[in-house]
Amino acid sequence: MTTQAENELMTRTGPGTPAGEWIRNYWQPLALSEELPQGGRPLPVRLMSEDLVLFRDEEGRIGCMQRQCPHRRTDLSYGRLEDGGLRCLYHGWLFGANGRCLEMPAEPPESPFKDELRFTTYPTREMGGIIFTYMGKGEAPVFPLYEPFMVPEENRLAKRQAINCNYLQTLEGGFDPVHLSYLHRPIGRKDNRPVPGSTLSADNYYASDRRPTLEYERTGFGMRMYSIRKSGEDKKYVRTTNYIMPTSVAIVGQEGRIGQGFHMHWYVPTDDAHTMRFDLVFNRVKPLDKVSKELRWNDNFGPDGQLRSADNRYHQDPELMRNSNFTGMGDSFNVHDAFATESMGVVSDRPLENLATSDRIIAQARRLIIENIKKVEAGQLPVNVARGQAQDPEAPNVVVISEVIPNEVDHKEFWKSRITHSVAAE
């Protein structure tokens, strides 16, 4: 059982909190590249209870800094992009993407004040259509070049979604394989896209074997998880999910059903009551059908064009429950996930849970999180933080499989045959 103290430890992520300090050891996404076009307006963002402004200067450089001007606290997201930086509207102070104050036009020309000014700024990296930042102490760690970052732009698509609850329950939903037999199950129809090694789709296995065998192993990036379902007398359907510390997962998506890619999700704390989910879909073989992907994203909206949310009970329809899908909330997995996690409450009251055998992966992941929070409290580096080398050495081992294989094949070795990329230098 998770105690109240453990629940508080894992879910509070503001400045100075143990979990907040743990997560700040890593690069985290805070916006999509498309939200910050060249010449576009500054973007107000909130990450781990800190209000920030993100801007792209005239040279395309990205700056990330505290949203309130360090002079008189005016909101810099209304500022002007000019003269190589972001200029505050109140008194004209100019800030560069490098985190320095470039001008204080009302101050005497000889004043050293602008060079002495200290205010909160964070480094950024733009990868895979997503803008990341590092909010921790000292020099930023190596940026892990996972496979979705390495394919051409036309082979990937990035999206984001706001979720109204704490990050931990959304993250736990990302690596819970059992709910696939229930929450996302279609009713009265089939998805005919095959799984490698089978003429059936994954949906058939989720429906026919709702008690998967669950296994896990710790890795240099976090945890690799296996769910094994029966496929006739002599075969098994194996699906892997990777928990990539601190807040992301690599899971089977539509591309994975044909063995050509997977999804990465980041569940980033906006604050303790809200989460921003970033999705990165990629295909290593061919360009994505982005029109189709955008249409699937539109499933997040109900028949009246409104976003499915708790306010409208996710447009749940009893007729859809009978004839279309298990939830009656449309076909979007994102909506299903939002319902499941938001309905737990803002912060799930974990001491009231009754965990079962099917929750062994959830329990193990919580132990791993608590261990790494305590490592940071003790002044040690947590899992999946690399410094002083070109690439996180575990990055190539983030492999997702969704495949039917013979029973005698060791699935804990089989995934190694599906490594398709090599370590890449930054």
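Here, the structure is the one placed above.
All figures in this text were calculated on a predicted structure; none of them were measured in a lab.

Examining the overall build of the protein chain
Item 1. When helices and strands are tallied, the protein chain shows 11 helices and 19 strands.
Item 2. Since a compact globule built from 426 residues should have a radius of gyration of about 22 Å, the 23 Å found for the protein chain is in line with a globular shape.
Item 3. Along the three orthogonal principal directions, the C-alpha set of the protein chain runs to about 85 × 50 × 45 Å.
Item 4. Across the 426 residues that make up the protein chain, the buried fraction comes to 55%.
Item 5. Summed over its atoms, the accessible surface of the protein chain is roughly 18,900 Å², and 50% of this surface lies on carbon and sulfur atoms.

Section: the pattern of salt bridges
Item 1. Considering all chains together, one arrives at 28 salt bridges under this definition.
Item 2. Of the charged contacts, one joins Glu8 and Arg12 as a salt bridge, the two residues approaching to 3.1 Å between their closest N and O atoms.
Item 3. Residue classification places Glu8 among the partly exposed positions, given a relative accessible area of 33%.
Item 4. Residue Arg46 pairs with Asp51 through a salt bridge whose shortest N-O separation is 2.9 Å.

Things to note about helix H9 (residues 333-342)
Item 1. By the criterion of burial, H9 is predominantly enclosed, with seven of the 10 residues buried.
Item 2. Within H9, the full set of buried residues consists of Asn334, Val335, His336, Asp337, Ala338, Thr341 and Glu342.

Some details on unusual backbone geometry
Item 1. In this structure, Pro246 follows Met245 across a cis peptide bond, with omega equal to 10°.
Item 2. In this structure, Pro246 sits in the loop between strand E15 (235-244) and strand E16 (248-251).
Item 3. A positive phi is found at Asp83, a non-glycine position, where the angle reads about 55°.
Item 4. Locating Asp83 in the fold gives a position in the loop between strand E5 (80-82) and strand E6 (85-87).
Item 5. Phi at Arg313 takes a positive value of approximately 55°, unusual for a residue other than glycine.
Item 6. For Arg313, a relative accessible area of 62% translates into the label exposed.

Quick look at the sheet that holds strand E4 (residues 62-66)
Backbone hydrogen bonds hold the strands of a sheet together, and the pairing may be parallel or antiparallel.
Item 1. If you walk across this open sheet you meet the four strands as E2-E3-E4-E9, and the pairing is antiparallel. Edge strands, defined here as strands with exactly one partner in the open sheet, are strand E2 (43-47) and strand E9 (121-122).
Item 2. Across two bridges, E4 lies against E9 in antiparallel orientation. In the strand pairing of E9, Met65 is matched with Thr121.

A short note on helix H5 (residues 167-174)
Item 1. Extensive coverage of H5 is indicated by the burial of seven of its eight residues.
Item 2. By the burial criterion, the buried members of H5 are Tyr167, Leu168, Gln169, Thr170, Leu171, Glu172 and Gly174.
Item 3. Its side-chain oxygen placed 3.0 Å from the backbone nitrogen of Leu168, Asn166 serves as the N-cap of H5.

Examining the sheet that holds E5
Item 1. Spatially, four strands are ordered E5-E6-E7-E8 in an open sheet, and the strand pairing comes out antiparallel. Among the strands making up the open sheet, the edge pair consists of E5 and strand E8 (101-103).

Topic: the state of the cysteines
Disulfide: a covalent bond connecting the sulfur atoms of a pair of cysteines.
Item 1. According to the stated counting rule, one finds zero disulfides in the structure shown.
Item 2. Free of any disulfide, Cys64 has its nearest cysteine sulfur in Cys69, 15 Å distant.

Considering the packing of aromatic side chains
Item 1. Applying the stated criterion across every chain, the model contains 14 aromatic pairs.
Item 2. With a centroid separation of 5.5 Å and 50° between ring planes, the pair formed by Phe143 and Phe149 is classed as tilted.
Item 3. What makes Phe149 buried here is its relative accessible area of 6%.
Item 4. The structure contains a cluster of three or more aromatic residues connected by ring pairs, namely Trp27, Phe132, Tyr134, Phe143, Phe149 and Trp266.
Item 5. Positioned above the aromatic ring of Trp415, the side-chain terminus of Arg224 is 3.7 Å from the ring centre.

Cut-offs applied
- Within any chain, residue numbers begin from 1 and follow the written order of that chain's sequence.
- In view of the model being predicted, local features appear only for residues whose pLDDT reaches at least 70, and side-chain atom pairs are presented and counted only at 80 or more, with totals across whole chains, interfaces and linings using the full set of residues.
- Each side-chain value is derived from all of the structure's non-hydrogen atoms; neither hydrogens nor water enter the calculation.
- The numbering of helices and of strands both runs from the N terminus, where a helix is a DSSP run of H or I of at least 4 residues and a strand a run of E of at least 2.
- Here the globule rule is a power law, 2.2 Å times the number of residues to the power 0.38, and the radius of gyration is based on C-alpha atoms.
- Each residue is placed in one exposure class: buried if its accessible area under a 1.4 Å probe, protein chains only, is under 20% of its type's maximum, exposed if it is over 50%, and partly exposed if it falls in between.
- Residue burial considers only the protein chains on display, and all accessible areas are found by Shrake-Rupley using a 1.4 Å probe.
- A carboxyl oxygen of Asp or Glu within 4 Å of a side-chain nitrogen of Lys or Arg is what we treat as a salt bridge.
- When DSSP finds two or more bridges between a pair of strands, those strands are recorded as paired.
- A 3.5 Å cut-off defines polar contacts: any pair of N or O atoms within that distance qualifies, except that in protein one atom must be a possible hydrogen donor and the other a possible acceptor, and neighbouring residues in sequence count only when both atoms are side-chain atoms.
- By definition, disulfides here are pairs of cysteine sulfur atoms that lie within 2.5 Å.
- The pairing test for Phe, Tyr and Trp rings, Trp by its six-membered ring, is centres within 6.5 Å, and the orientation test on the planes gives stacked under 30 degrees, edge-to-face over 60, and tilted for anything in between.
- Geometrically, a lysine NZ or arginine CZ counts as sitting over a ring once it is within 6 Å of the ring centre and also within 35 degrees of the ring normal.

Everything listed here is a matter of geometry and, on its own, says nothing about what the molecule does.
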